Amino acid sequence: MSGRFHARASVTHVSPAYDPHQKLAKFETLGMTRERNVHLARTLLRRGKARDADLARRLNDCGSLTRGQRSWCNSPACAICMRETRRWFTSTVSELIEKRALMPPHGVMVTVVPPQFRASLGKLSKLDISALRRRFWRSIDKLQLGNVPVIGGLDISFNESAILKEPGHYQVHLAFVVPGLRFAPKRFRKALSRKIAAAFDVEGIPRAVVVQPLRDLVPQVSYLLKSMFSRRVSIVGRRGRADTKSHSLKTCQLIEIAHWLDAGSLTDRMLLHGIRRQNYTLISRHQHRRCTRTK
Ligand SMILES: [Zn+2]
């Protein structure tokens, strides 16, 4: 990857036909992201450590006018900057897949939850996003997909159980799309799922790998890079089946995730394999096809 990524500048490269802001009724609004920033900044200030106060100040100042110009904080912990980044990422990836002959609908969307990618409460800084990306690339290499690009993102949740008396933990989730596959979808998906489980060392773990057809580009691609994180509680469902419920993060988890994100850049959670980013352009390495929009 190259080029410093500015959240606000990325919006001028959003293709309206693939803009989640216009295409998805439930996509976060600017008002929602402002409220989230205000809430996070207040929470940080209540704790009051120097690094909390520093992040709170940057969140509060994001989008403010300085000498007639708006300034943006470009922190991945900032809901406003992350929203703009998601708009660019979703629209650019969707356009690349659909318009640049990567052959949908013969593609899949995959989620992987590797138990190796987890950390205890208070230890999240030990999860190095660059190292996670490198492990992702190594696992994708093992799949030997040839010239097919793989595009995805890292997500995180705090997982706990309402059944077992165990402490909860942070869990990283990987979500990626593999477009341009020319195989019989159902049979192929099962075989691919087994290969992915082996490549990520999650064989035999229930629900660790889910492979779905790539059907609806903008909603599915927007799922790759999330800006809201939750606490997932394992429960026993109505018919005695294992189920999961999502809740808001507790204050200590919200702050720990915010600092973990803030230590990196807006593009850190993007997973690109067989694709490279040059400023606001994504280039498919093997096909030398570009996807960009000029201002
Ligand atoms: Zn910001």
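No experiment lies behind these values; they were computed from the predicted model shown.

Chemist: Please set out the overall build of the protein chain residue by residue, giving values where relevant.
Modeler: Regarding its fold elements, the protein chain presents nine helices and 13 strands. Judged by the C-alpha coordinates and their principal axes, the protein chain covers about 55 × 55 × 35 Å. Within the span of the protein chain, comprising 295 residues, buried residues form 35% of the whole. Restricting the contact set of the protein chain to residue pairs at least 6 apart, pairs at least 24 apart contribute 71%.

Chemist: Residue-level account of the pairing of strand β9 (residues 242-247), with values.
Modeler: Here β9 lies mainly on the outside; zero of its six residues are buried. As paired strands, strand β8 (residues 231-236) and β9 are joined by six bridges and run antiparallel to one another. Along β9, the bridge assignment pairs Val236 with Ala242. Where β8 hands over to β9, the hairpin turn is made up of five residues, of which Gly240 adopts a positive phi near 80°.

Chemist: Explain helix α9 (residues 251-262) to me, and be specific about the residues and the numbers.
Modeler: When the terminal C-alpha atoms of α9 are compared, their 16 Å separation across 12 residues agrees well with the 16 Å that a helix rising 1.5 Å per residue should span. What α9 keeps buried is the set Gln253, Ile255, Glu256, Ala258 and Leu261.

Chemist: I'd like a description of the environment of Cys78, backed by residues and values.
Modeler: With respect to the element layout, Cys78 can be found in the loop between β2 (69-71) and α5 (79-99). Considered as a pair, Cys78 and Val148 are 70 residues apart in the sequence and their alpha carbons are 33 Å apart. Here Cys78 is in contact with Asn37, Leu59, Cys62 and Cys73, once residues within four sequence places are set aside.

Chemist: Run through the pairing of strand β12 (residues 281-284), naming residues and quoting values.
Modeler: Burial along β12 is one-sided: the residues Leu282 and Ser284 are buried and none of Thr281 and Ile283 is. In this structure, strand β11 (residues 275-278) lies alongside β12, joined through four bridges in antiparallel fashion. Counterpart to Arg277 in the pairing with β12 is Leu282. What sits between β11 and β12 in their antiparallel hairpin is a turn of two residues, with Asn279 showing a positive phi close to 55°.

Chemist: Could you give an account of the environment of Phe229, naming the residues involved and the relevant values?
Modeler: Of note, Phe229 is situated in the loop between α8 (217-222) and β8. A residue is classified by how many C-beta atoms lie within 10 Å of it, and Phe229, with 19 of them, is partly exposed. Sequence separation between Phe229 and Glu166 is 63 residues, and the spatial gap between their C-alpha atoms is 21 Å. Discounting chain neighbours no more than four positions away, the residues touching Phe229 are Ile156, Ser157, Leu249 and Ile257.

Chemist: Give me unusual backbone geometry: which residues, what numbers.
Modeler: Positive phi, normally seen in glycine, also occurs at Asn74, with a value near 60°. A count of 20 C-beta atoms within 10 Å places Asn74 in the buried class.

Chemist: Describe the packing of helix α4 (residues 50-61) against α9, and please don't skip the residues or the numbers.
Modeler: With their axes 11 Å apart at the nearest point, α4 and α9 run at an angle of 70° to one another. When the axes of α4 and α9 are compared, the pair comes out roughly perpendicular. Contacts between α4 and α9 pair Arg51, Asp52 and Leu55 from the former with Ile255, Ala258, His259 and Asp262 from the latter. Tallied by class, residues from the contact of α4 with α9 come to three nonpolar, one polar and three charged.

Chemist: Could you give an account of the nonpolar core, with specific residues and numbers?
Modeler: A general trend in soluble globular proteins is that nonpolar side chains are found buried together. One finds Val108, Val110, Phe176, Val177 and Leu271 to be the most contacted residues of the largest nonpolar core, which totals 46 residues. Here this core takes seven residues from strand β6 (residues 169-178), the largest share from any one element. Residues in contact with Val110, not counting those within four places in the same chain, are Phe176, Val178, Ile196, Val209 and Val211. Membership of the second largest hydrophobic core comes to 20 residues, among which are Phe5, Ala56, Cys73 and Ala77.

About the criteria used
- Residues numbered from 1 in each chain as written.
- Predicted model: local features only at pLDDT ≥ 70, side-chain atom pairs only at ≥ 80, totals over all residues.
- Helix = DSSP H or I, 4+ residues; strand = E, 2+ residues; numbered from the N terminus.
- Buried ≥ 20, exposed ≤ 12 C-beta atoms within 10 Å, placed from the backbone.
- Contact = placed C-beta atoms within 7 Å.
- Pairing = 2+ DSSP bridges.
- Expected span 1.5 Å × (residues − 1).
- Axes fitted to C-alpha atoms, helices over the stretch in contact; angles between N-to-C directions.
- Parallel < 35°, antiparallel > 145°, perpendicular 65-115°, else oblique.
- Nonpolar A, V, L, I, M, F, W, Y, C, P; charged D, E, K, R; others polar.
- Core = buried A, V, L, I, M, F, W, Y, C linked by C-beta atoms within 7 Å.

Shape is all these values report; function is a separate question.
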